[in-house]
Amino acid sequence: MSAPYSLYLYKHCPFCTKARMIFGLKNIPYEQRILLNDDVDGPVRMVGRKVVPILEEDGTFMPESMDIVTHIDGIGAPVLTGETRSEIADWLQKAGKPLYRLFLPRAASAPLPEFATTSARAGFIQRKEPSVGSFSALLVDGTPELAELNVLLKELAGLIRASDAVNGALSTDDIHLFAHLHSLSLIRGVVYPPEVEAYRQTLSKRSRVELFDDIAV
Ligand SMILES: N[C@@H](CCC(=O)N[C@@H](CS)C(=O)NCC(=O)O)C(=O)O
């Protein structure tokens, strides 16, 4: 029998990472359905707009990553029971800009299934490039952002209380933080302090979301 849950997603999408994580953390089987990045009709048919992730369950469709996380965590005993900390939200906020300036150009050229056709890749570049500036320039000249991220990672090391949960017990902070670190793993030259390295490897294993280290550029 096939899994009762299907998740429509793109592999590079941080919101999709959040939705994927909860299935791994809960040990609940699900089917990943990777959409082409320029597939508009599919998502529109399911939820009325072009967006992922989308959860399909018993013929109904649910968008919004954190709604999916809450819904799946509500099956049986919840796992995201820990407190959240404003320091983590602040860190995520600070890291977001340099992260996405380096991440988007790399995602645009990565060997990912959502970009399996030329038009899917071209459409991504066309839509996303205006938000951060020339992708080709950022690929050769992202040093200030990289330096900024490496400083921020040292700060993050001091905020990690345990390698399996940033605040000591799993919480939504782990969902948001690992999604950032997952995107970060596509960027070569990032220096992970030991606490951050242990954390991202542990969360990757527990959530069953592989890091991009092997295809980092
Ligand atoms: N609030 C939504 C945001 C989802 C979102 O922005 N997904 C992006 C992909 S990372 C998307 O589908 N954007 C539309 C597009 O790529 O055309 C959530 O948390 O699930």
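Residues numbered from 1 in each chain as written. Predicted model: local features only at pLDDT ≥ 70, side-chain atom pairs only at ≥ 80, totals over all residues. Heavy atoms only, no water.

1. Quick word on the pattern of salt bridges
And then number 1: In total, this model carries 12 salt bridges according to the counting rule given.
And then number 2: Here Arg 33 makes a salt bridge to Glu 31, at a shortest N to O gap of 3.2 Å.
And then number 3: Judged by relative accessible area, Arg 33 falls into the partly exposed class, the value being 32%.
And then number 4: One salt bridge connects Glu 83 with Arg 161, and the closest N-O pair in it is separated by 3.1 Å. Of this pair, Glu 83 sits in the loop between helix H3 (65-73) and helix H4 (86-109) while Arg 161 sits in the loop between helix H7 (143-157) and helix H8 (172-184); the two residues are 78 residues apart in sequence, bridging distant segments of the chain.
And then number 5: Through salt bridges that share partners, Lys 11, Arg 20 and Glu 210 make up one connected network. (Salt bridge = Lys/Arg side-chain N within 4 Å of Asp/Glu carboxyl O. Buried < 20%, exposed > 50% of the residue type's maximum accessible area, 1.4 Å probe, protein only. Helix = DSSP H or I, 4+ residues; strand = E, 2+ residues; numbered from the N terminus.)

2. What about the UniProt feature "domain: GST N-terminal" (unreviewed entry) in the protein?
And then number 1: Here, the residues flagged by UniProt with the feature "domain: GST N-terminal" (unreviewed entry) are residues 3-80.
And then number 2: Secondary structure content for residues 3-80 is 37% helix and 22% strand, while the C-alpha to C-alpha distance between its ends is 23 Å. (UniProt positions renumbered as here; feature names shortened; annotations may be inferred.)

3. Re the domain arrangement of the protein
And then number 1: Looking at the protein, the domain boundaries give domain 1 (5-73) and domain 2 (86-215).
And then number 2: Each of domain 1 and domain 2 has a C-alpha centre, and the two are 20 Å apart.
And then number 3: Between Lys 11 and Glu 210 there is a salt bridge whose closest N-O contact spans 4.0 Å.
And then number 4: For the side of domain 1 that touches domain 2, the element with the most residues is helix H1 (residues 14-26), which contributes 7 residues.
And then number 5: Residue composition of the side of domain 1 that touches domain 2, by class: 9 nonpolar, 5 polar and 5 charged. (Domains from an automatic or database assignment. Nonpolar A, V, L, I, M, F, W, Y, C, P; charged D, E, K, R; others polar.)

4. Section: the environment of Asn 150
And then number 1: Structurally, Asn 150 is set in helix H7.
And then number 2: Taking relative accessible area as the criterion, Asn 150 reaches 17% and is therefore assigned buried.
And then number 3: With 22 residues separating them in the primary sequence, Asn 150 and Lys 128 have C-alpha atoms 24 Å apart.
And then number 4: A polar contact of 2.8 Å, which involves the side chain of Asn 150, links it to the backbone nitrogen of Val 191. (Polar contact = N/O pair within 3.5 Å; in protein donor to acceptor, adjacent residues only side chain to side chain.)

5. What to know about the site of the ligand
And then number 1: What surrounds the ligand is the set Tyr 10, Cys 13, Pro 14, Phe 15, Lys 50, Val 51, Val 52, Pro 53, Glu 64, Ser 65 and Arg 127.
And then number 2: Contact distances for the ligand include 2.9 Å between a nitrogen atom and a backbone N or O atom of Val 52.
And then number 3: Residue Glu 64 places a side-chain N or O atom 2.8 Å away from a nitrogen atom belonging to the ligand.
And then number 4: A total of 510 Å² of accessible area belongs to the ligand in isolation, and the protein chains cover 77% of it.
And then number 5: Broken down by class, the residue content of the shell around the ligand amounts to 7 nonpolar, 1 polar and 3 charged. (Near = heavy atom within 4 Å. Areas by Shrake-Rupley, 256 points an atom, 1.4 Å probe, with all protein chains shown as cover.)

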